[in-house]
Amino acid sequence: MAGTGGGCRVTARGGRWRGTGTRAQGHTSMSDAPAWAHWRCPSPHFPAGAQQSATVANPVSGASPDLLPHFQLEPEDVYIVKNKAVSLACRATPATQIYFKCNGEWVHQGDHVMQHSTDRGTGLPVMEVRIEVTRQQVEKIFGLEEYWCQCVAWSSSGTTKSQKAFVRIAYLRKNFEQEPTAREVSIEQGIVLPCRPPEGIPPAEVEWLRNEELVDPALDANVYVTPEHSLVLRQARLADTANYTCVAKNIVARRRSASAAITVYVNGGWSTWTQWSGCSTSCGRGWQKRSRTCTNPTPLNGGAFCEGQNMQKTACTTLCPVDGAWSEWSKWSVCGAECTHWRSRECSEPAPRNGGQDCHGPELDTRNCTSELCSHAASGAEDVALYVGLVAVAVCLVLLLLVGVLLYCRKKGGLDADVADSSILTAGFQPVSIKPSKADNPGLLTIQPDLSTTTMTYQGSLCPRQDGPAKLQLPNGHLLSPLGAGRHTLHRSSPAAEGADFVARLSTQSYFRSLPRGTNNMAYGTFNFLGGRLMIPNTGISLLIPPDAIPRGKIYEVYLTLHKQEEVRLPLAGCQTLLSPIVSCGPPGVLLTRPAILAMGHCVEASAENWSIRLKKQSCEGTWEDVLQLGAEPCTDLYYCQLEAQACYIFTEQLGRFALVGESLSMAASKRLKLVLFAPAACPSLEYNIRVYCLSDTQDTLKEVIQLEKQLGGQLIGAPRVLHFKDSYHNLRLSIHDMPSSLWKSKLLASYQEIPFYHIWSGLQPFLHCTFTLERLSPSTCELACKIWVWQVEGDGQSFTVNFNIAKDTRFSDWLVPDSEVGAPALVGPSAFKIPFLIRQKIISSLDPPGTRGADWRMLAQKLNLDSHLSFFASKPSPTAMILNLWEARHFPNGNLSQLAAAVAEVGKQDSALFAVSEAEC
């Protein structure tokens, strides 16, 4: 064997064997070698193919340990991936023989691949052996113990064993034991995303992806991964909003967890308050406000909006400027030596203050005086001036006398005192046309109001103009004053010429304007002392003229007009808002002996702590004045108002133009909005529009919208709803939801539409609406189902469930009242009242006198829940008549006379037999 210098290969005979040798001092004796093992080394002296056999005896027991084999390469742990066999190798020197033993059994010699060589440095023989282990071999003992293999090397001095190498089947399960979950966290909050990878051999390595990009803790100090594979973000940042994925991998597979969406949100914070604004009024009590915005920071990614109000209001008072006024003139001084005397006055009643204007005019008035006390005579020129003045005075007296005579003559041939035609009083409000003479009175001409034009708007009342500061009452001229027993008519000489002259005179009066005329928004009629009623159909607006309100012997033509808000300029200041329609009744200036009652709707949720409500009336000059503050002591007996849940009843002895205006005192003040949905009755195209109207909750506004939609060909697609809109400065939002995407799609780009707060709160824009444009995906689609939400930010909201057939659904057509069903706009005499005239007179005469234990009109007011108005009723000549007039205004045409009879009977002075009046008496 020695000196061969070549490689030898080991062959074996027989099968596998189990060794029984012993191991001492780190090596194994040859007795542990397989019994079939021997060496065959080729010799250069033998023919090719010849072999020489040699049997190695057991080594000497005292052999030097330096000659024991030592391993240059030992087998290492390996993993079987899928069905691929693994290779184990070991190399030892000096070694003459090496075998593998796996799980205590020798591997068959035929499974070994050996290679011999010589170490060039030491000249010792080197032997390297490899074997392959398959998945089947490992699986045979799977579950009993782990599969391991070990090398055993022999030399002439003994044997040495290598370390054990474990062979394992590699795998990686599919399911994670714990996956990260989506979370929403506040900014700067810590985040921990747990991840427990699937079971596997070898154990899986874990890495994290953020939006599919690898998270490297070495590059971001805010991020680290725990030994348990959890991802930790020390402080959440906006940039950390992303999808996070846990990835587990080993030599077998790579698994991904479900992505966890992390949203880092920012809760809103208030900015600092702005400075207080200026006072809303330049004189008296007003409001000032300040605001802040939710921008410190602005809410992001669904963060909470700031809590609290973004607006604050507080009351303020501005000192009103007071203009100075002159005191009375002093008495004239004595005549001086120069024939003059003087008088003086002071600017002290009142004195100007708070920036008011000073008095205009002289403080001292000096005049010549002629008397015998004068110490010298006047010169010739002065005498001439004196005589000229006397002559001028005489001429003026003569002219005044002539004018008086002419006026007396004209009065004798004047108008008939029994008729006061309102067209003469209101000719400035309307175009003029000439009526034909009446059959029974051919000498009488009246001017009929033209109801066909609506081109101009009324801007001022027909009132006398005067220069003085005091307001003069309209005198009872020949049109209104009762005359003698004789009857008087207009001259019939030239009616066309007189009519043209009348129009020409009116055209010179620049402050006259014509009222809008039209049958839809106006009612008119001719009334006498029996009274009557005017109504504008489907608006809730009416004018009750009680019996005896018009003086006996007078006939008035009275009108009632509903104005379009865009045609009348009603200035609003501060937190004021229009709460009612703007209504005119006239003619202004007529003589009423008892208050008429104007009824109209309103949209206020009235409460004394939230609202200050005022009745406004347009003055002669066209300016709006406060004539009554509800809840306060009235400053005059000319006006009074009964405010109920949805209507107000205004007692007025002066006709004119009225409106109800409110001023909010807190952010809890609210108005009622009527929400109405309209859509086309026919849909020839794929597009379909739903119009959502946000109206003031009054009948007149709804009527106008219904008329408008009739012209547009619209139909009502849902019952109207009421929404309480608060003075919180928040806008109104509208959105559409739950629409089947397979049939319809919305063309709305944003998630909602918005109506600004001030557009709604002012009340001056009557037909506010938003349109949702939808598109059918198929022309055959007729069924529409969706939800429409309408809500005020941080306030009240309403939802509509729309579910109908756009081609034939008419279930809401009952809301659209036909024009033919509205009833008569004017009722004259007894037909205008529920209470028969004679019964009314009996009740008045019975309850007006004070009764014992209060059994009079006061108890009737209490029975009818009107006892809060006792002071107003008591200020009138007939309190009972005021109570019955209000009952008529509130309960026409559906009032229950039986309930009124019961209330009268309970008073105790009369019983229900009071109403038993025969038809002949009526």
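I will try to describe carefully the structure that is included in this document.

Rules behind the numbers
Residues numbered from 1 in each chain as written. Predicted model: local features only at pLDDT ≥ 70, side-chain atom pairs only at ≥ 80, totals over all residues. Heavy atoms only, no water. Phe/Tyr/Trp six-rings, centres within 6.5 Å; stacked < 30°, edge-to-face > 60°. Buried < 20%, exposed > 50% of the residue type's maximum accessible area, 1.4 Å probe, protein only. Helix = DSSP H or I, 4+ residues; strand = E, 2+ residues; numbered from the N terminus. Lys NZ or Arg CZ within 6 Å of the ring centre and 35° of its normal. Disulfide = S-S within 2.5 Å. Salt bridge = Lys/Arg side-chain N within 4 Å of Asp/Glu carboxyl O. Pairing = 2+ DSSP bridges. Axes fitted to C-alpha atoms, helices over the stretch in contact; angles between N-to-C directions. Expected span 1.5 Å × (residues − 1).

**Some thoughts on the packing of aromatic side chains**
By the definition in use, this model includes 19 aromatic pairs. Between Y99 and W106 the ring centres are 6.4 Å apart and the planes differ by 85°, which places this aromatic pair in the edge-to-face class. For the pair Y99 and W106, a shared accessibility class is recorded, and that class is buried. With a centroid separation of 5.7 Å and 15° between ring planes, the pair formed by F757 and W761 is classed as stacked. Of this pair, F757 and W761 both sit in helix α6 (residues 757–761), four residues apart, which is roughly one turn of the helix. By relative accessible area, F757 is classed as buried at 2%. Here a set of aromatic residues connected by ring pairs shows up, and it is made of W611, F725, Y729, F757, Y758 and W761. Here the basic side chain of R292 rests over the ring of W270, its NZ or CZ set 4.1 Å away from the ring centre. Residue placement shows R533 over the ring face of F892; its charged tip is 3.8 Å from the ring centre.

**Things to note about the state of the cysteines**
The full count for this structure, using the stated rule, is eight disulfides. Disulfide pairing places C195 opposite C246 at an S-S distance of 1.9 Å. Disulfide C195 to C246: torsion about the S-S bond roughly -75°, handedness left-handed. Pair noted here: C195 is in the loop between β17 (191–193) and β18 (200–201) and C246 is in strand β23 (residues 242–249), with a separation of 51 residues, a long-range link. The same class applies to C195 as to C246, namely buried. Here C347 engages in a disulfide with C359; their sulfurs sit 1.9 Å apart. Taking the sign of the torsion about the S-S bond as the criterion, the disulfide between C347 and C359, at about 80°, is right-handed. In this pair, C347 sits in the loop between β28 (340–344) and β29 (364–368) while C359 sits in the loop between β28 and β29, placing the two residues 12 residues apart along the sequence.

**Quick word on the pattern of salt bridges**
This model, assessed by the stated rule, comprises 31 salt bridges. Residues E653 and K876 are paired through a salt bridge, measuring 2.9 Å at the closest nitrogen-oxygen approach. Taken together, the positions of E653 in the loop between β42 (647–652) and β43 (657–664) and K876 in the loop between α9 (870–874) and α10 (879–891) put the pair 223 residues apart, joining distant regions of the chain. Between R691 and E709 there is a salt bridge, and its shortest N-O distance comes to 2.8 Å. In this pair, R691 sits in strand β45 (residues 687–696) while E709 sits in helix α5 (residues 699–712), placing the two residues 18 residues apart along the sequence. As far as burial versus exposure is concerned, R691 and E709 are alike and both buried. Salt bridges sharing partners connect three or more residues here, namely R210, D220, R237 and D240.

**Brief notes about the pairing of strand β33 (residues 532–536)**
Judged by how many residues are buried, β33 sits mostly within the fold: four of five residues are covered. In this structure, β33 lies alongside strand β34 (residues 541–545), joined through five bridges in antiparallel fashion. Along β34, the bridge assignment pairs R533 with L544. As consecutive antiparallel partners, β33 and β34 are separated by four residues, and within that stretch N538 has a phi angle of approximately 60°, a positive value. In this structure, β33 lies alongside strand β54 (residues 826–828), joined through three bridges in antiparallel fashion. Bridge pairing in β54 places G532 opposite V828.

**Section: the sheet that holds strand β50 (residues 753–755)**
What the four strands build is an open sheet, ordered β50-β48-β52-β53; its pairing is antiparallel. Because the sheet does not close on itself, it has two edges, and the strands there are β50 and β53 (797–805). If you compare each strand with its neighbour and ignore which way they point, the axes differ by 20° on average. Pairing geometry for strand β48 (residues 732–737) and β50, over three bridges, is antiparallel. Note on β50: the bridge partner recorded for L734 is Q753.

**Here's the deal with α10**
Given a rise of 1.5 Å per residue, 13 residues ought to cover 18 Å, and the 19 Å separating the end C-alpha atoms of α10 matches this to within 8%. Burial analysis of α10 places 11 of its 13 residues in the buried class, the great majority of the element. By the burial criterion, the buried members of α10 are P879, T880, A881, M882, I883, L884, N885, L886, W887, E888 and A889.

So yeah, pure geometry; function would need other evidence.
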